[in-house]
Amino acid sequence: YYQSRFGLDETEMSVVGVQKHDKFWMQQQDALTSALSAKKAPNNQQALLISRPASSSYLPTNRKRRALHDLRRVVIDELGFKLLVKLHPKESNKQEFFDCLGHQGNGTKWAFVDESLETLGRQVAFGMCFYSGVCTDMIMLGTPMIEYLDLNGLGGLGVVMMPDGSPAASYRAHGLV
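Since the model is a prediction, treat every value here as computed from it, not as a measurement.

(A) Layout of helix α3 (residues 61-78). Under the 1.5 Å per step criterion, the end-to-end length of α3 is 24 Å for 18 residues, consistent within 8% with the ideal 26 Å. Within α3 the residues assigned to the buried category are R63, K64, A67, L68, D70, L71, V75 and I76. Following α3 by one or two positions, G80 adopts a phi angle in the positive range, close to 75°.

(B) View of the pattern of salt bridges. Inspection of the entire model under this criterion finds eight salt bridges. In this structure, the salt-bridge partner of R63 is D150, at a minimum N-O distance of 3.6 Å. Placement of the pair is R63 in helix α3 and D150 in the loop between β5 (145-147) and β6 (160-161), with a sequence separation of 87 residues. A relative accessible area of 25% means that D150 is categorised as partly exposed. R73 is paired through a salt bridge with E78; the nearest N and O atoms lie 3.4 Å apart. The class of R73 is partly exposed, set by a relative accessible area of 42%. Overall, E78 belongs to the exposed group, its relative accessible area being 54%.

(C) Looking closely at the nonpolar core. Within the largest apolar cluster, 37 residues are counted, with the highest numbers of intra-cluster contacts made by L48, L49, I50, V75, L83, W110 and M128. Those elements that place two or more of their residues in this core are β1 (46-50), α3, β2 (82-86), α4 (95-101), α5 (117-121), β4 (126-129) and α6 (134-140). A total of five residues in this core trace back to one element, the largest contributor, which is α3. For M128, the residues in contact, after removing those within four places along its chain, are A47, L48, L49, I50, L71, V75, L83, M145 and I146.

(D) The pairing of β2, seen in detail. Within β2, four of the five residues are buried, leaving the element largely enclosed by the surrounding structure. Sheet topology places β1 next to β2; five bridges connect them, and they run parallel. In the sheet register, Q46 faces β2, and the bridge partner there is K82. Where the polypeptide runs from β1 across α3 and back to β2, its parallel neighbour, the crossover connection is right-handed.

(E) Quick peek at the side chain of Q46. Relative to the helices and strands, Q46 resides in strand β1. Within the structure, Q46 has its side chain in polar contact with the backbone oxygen of Q123 (distance 3.0 Å).

(F) Just the packing of aromatic side chains, in detail. Here the structure, examined in full by the defined rule, presents six aromatic pairs. Judged by centre distance (5.4 Å) and plane angle (65°), the ring pair of F98 and W110 falls under edge-to-face. Here F98, found in helix α4, pairs with W110, found in strand β3 (residues 110-112); they are 12 residues apart in sequence, far enough to count as distant. Accessibility assignment for this pair places F98 and W110 in one class, buried. Seen from their ring centres, W110 and F112 are 5.1 Å apart, and the 80° between their planes marks the pair as edge-to-face. Residue W110 is classed as buried on the basis of its relative accessible area of 0%. With a relative accessible area of 23%, F112 lands in the partly exposed category. Here the guanidinium or amino end of K94 rests over the ring plane of F112, the centre of that ring lying 4.9 Å away.

Rules used in this analysis
Residues numbered from 1 in each chain as written. Predicted model: local features only at pLDDT ≥ 70, side-chain atom pairs only at ≥ 80, totals over all residues. Heavy atoms only, no water. Helix = DSSP H or I, 4+ residues; strand = E, 2+ residues; numbered from the N terminus. Expected span 1.5 Å × (residues − 1). Buried < 20%, exposed > 50% of the residue type's maximum accessible area, 1.4 Å probe, protein only. Salt bridge = Lys/Arg side-chain N within 4 Å of Asp/Glu carboxyl O. Core = buried A, V, L, I, M, F, W, Y, C linked by side-chain atoms within 4.5 Å. Contact = heavy atoms within 4.5 Å. Pairing = 2+ DSSP bridges. Right-handed = clockwise from strand over helix to strand, strands pointing away. Polar contact = N/O pair within 3.5 Å; in protein donor to acceptor, adjacent residues only side chain to side chain. Phe/Tyr/Trp six-rings, centres within 6.5 Å; stacked < 30°, edge-to-face > 60°. Lys NZ or Arg CZ within 6 Å of the ring centre and 35° of its normal.

As structure tokens, then:
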């Protein structure tokens, strides 16, 4: 791809892997996380939502809002966890979170966070995403991931049909989430 796209030849490229999965990098992140451990909730009672903007092809607005309401009910109300919300870089609509998760709980029951995903992944009991390659990073950190994505009736993302007949995206189809 890079050869044809940017006119590079093989002598100008090196295969280095995913740098954030390198042992040295992970040790550095461990040291940073230790310094930030005061932010960790007692008994690890935090969950991370890796959010993304709504999209008509795989996450229509009504389904995203329903998912946020469900997450409030289960994660915050039933489990008693604090929900940490990491917005997608292209996501700007914070109002839907206030509408679905509540204005009063912001900061105590849930909060927007800006820390790196590597740091956050070490501070939570589990993570959730709507559909994100970041789930593989969390799995590398040992953080269990849940994909909350209702693809019924949608055809985006190269949907795979599971043995039970339900549609799934690639991460779920391969058993990662």
